[in-house]
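Here is what each chain is made of, one letter per residue.
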Amino acid sequence: MAKAKAEKSGTKENPWKLKTPPGTSEYEMYRDETADPPVLVCTVGTTVLKYDLRAIDDLHAMLKAHGDWMALGGADEQKPAAEGTVEAWGRSPKNPVGGWYGLRKGYRGRFGMYMPPLLEALGLAEVEHNPRNNRMRAK
């Protein structure tokens, strides 16, 4: 998706249409800035996940500071995240929000699966698209 096109979408009426890094599943995301806190709404089939909207800027800043490729490590909330992955950072007490970016209890995980393609669509990151063990880095 071209950066200009990505910047014009991202509303409920015109959501970002994305694919998981391996390309096996499609999903949509949009910003809801009227929510408190503002959120990213991620719809995968009939499942709705919500992430703190600041995750876009915070993840990009962390990747820039990291300076190299980082494993994605997407995992459900009930499973532990592998250390040193985007998923682990997205739920770490050491990140800028002090814990989970996922806001819907029971559905707070998969940060490392659904956030990287959005950053890629926005032109903020490069994401690998292998069948497994994908990584990302800041642009």
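Now for a look at the structure at hand. Computed from a prediction, not measured in an experiment: that's the story for all the values here.

**Side note on the packing of helix H2 (residues 55-66) against helix H4 (residues 111-121)**
And step 1. Remark: H2 packs on H4, axes separated minimally by 11 Å, with the N-to-C direction vectors making an angle of 85 degrees. By the angle class used here, H2 and H4 are roughly perpendicular. Each of Ala55, Ile56, Leu59, His60 and Leu63 in H2 lies in contact with H4, whose residues at this interface are Phe111, Met115, Leu118 and Leu119.
And step 2. Here the residues of the contact of H2 with H4 are counted per class, giving eight nonpolar, one polar and no charged.

**Some words on the pairing of strand S3 (residues 39-44)**
And step 1. Most of S3 is tucked away, with five of its six residues classed as buried.
And step 2. Inspection of the sheet shows strand S2 (residues 26-32) paired to S3 by five bridges, in the antiparallel sense. Its bridge partner lying in S3, tyrosine 30 is registered against valine 41.
And step 3. Linking S2 to S3, which pair antiparallel, is a turn of six residues.
And step 4. Where S3 and strand S4 (residues 47-52) come together, six bridges link them in antiparallel fashion.

Conventions we followed
Residues numbered from 1 in each chain as written. Predicted model: local features only at pLDDT ≥ 70, side-chain atom pairs only at ≥ 80, totals over all residues. Heavy atoms only, no water. Axes fitted to C-alpha atoms, helices over the stretch in contact; angles between N-to-C directions. Helix = DSSP H or I, 4+ residues; strand = E, 2+ residues; numbered from the N terminus. Parallel < 35°, antiparallel > 145°, perpendicular 65-115°, else oblique. Contact = heavy atoms within 4.5 Å. Nonpolar A, V, L, I, M, F, W, Y, C, P; charged D, E, K, R; others polar. Buried < 20%, exposed > 50% of the residue type's maximum accessible area, 1.4 Å probe, protein only. Pairing = 2+ DSSP bridges.

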